[in-house]
Amino acid sequence: LYTASPLRAGRESKVARNFFGESSSYSSFDPAKELGVQEPIGFWDPLGLSADKDEATFKRRRAVEIKHGRIAMYATIGYIVPEYYKFPGYL
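A brief look at the structure comes next. (Residues numbered from 1 in each chain as written. Predicted model: local features only at pLDDT ≥ 70, side-chain atom pairs only at ≥ 80, totals over all residues. Heavy atoms only, no water.)

Right, let's talk about helix 1 (residues 55-84) for a bit. Taking 1.5 Å of rise per residue, the 30 residues of helix 1 would be expected to cover 44 Å, and the 44 Å separating its terminal C-alpha atoms lies within 8% of that figure. When we look at burial in helix 1, the residues that qualify are Glu-55, Ala-56 and Phe-58. (Helix = DSSP H or I, 4+ residues; strand = E, 2+ residues; numbered from the N terminus. Expected span 1.5 Å × (residues − 1). Buried < 20%, exposed > 50% of the residue type's maximum accessible area, 1.4 Å probe, protein only.)

See below:
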């Protein structure tokens, strides 16, 4: 019987906390070593949102930030394109 499925896991499972990362140790996670940290700025977190050093929360916030950035890019294209391209006819 396959027991590694998250649907078969018990109530004490940490599936929700480890959804974005496989690390179970919170003290070993360092957001300053994640992909995208570059010199000369380094890791920039002016509001201190990653001060708790929780990997799952960090990765979720990163995914949400990317998603919102994509939506903003689509909105910008939706604002610019009608200025240069019009459908034929009177609308």
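The next subject is a nonpolar patch on the surface. A contiguous nonpolar patch, built from Ile-77, Val-81, Tyr-85 and Phe-87 and spanning about 440 Å² of accessible area, is present on the exposed surface. Following the sequence through the fold, Tyr-85 ends up in the segment after helix 1. (Patch = residues over 30% accessible without salt bridge, like charges linked within 9 Å, V, L, I, M, F, W, Y side chains within 5 Å. Areas by Shrake-Rupley, 256 points an atom, 1.4 Å probe, with all protein chains shown as cover. Salt bridge = Lys/Arg side-chain N within 4 Å of Asp/Glu carboxyl O.)

Right, let's get into the packing of aromatic side chains. Enumeration over the complete set of coordinates arrives at two aromatic pairs. Taking 5.4 Å as the distance between ring centres and 55° as the angle between the ring planes, the aromatic pair formed by Phe-29 and Phe-58 counts as tilted. In this pair, Phe-29 is assigned in the segment before helix 1 and Phe-58 in helix 1, connecting sequence segments 29 residues apart. Comparing Phe-29 with Phe-58, the two get one shared label, buried. With a centroid separation of 6.4 Å and 50° between ring planes, the pair formed by Phe-43 and Phe-58 is classed as tilted. One end of the pair, Phe-43, is in the segment before helix 1; the other, Phe-58, is in helix 1, with 15 residues separating them in the sequence. Taken together, the ring pairs connect Phe-29, Phe-43 and Phe-58 into an aromatic cluster. (Phe/Tyr/Trp six-rings, centres within 6.5 Å; stacked < 30°, edge-to-face > 60°.)

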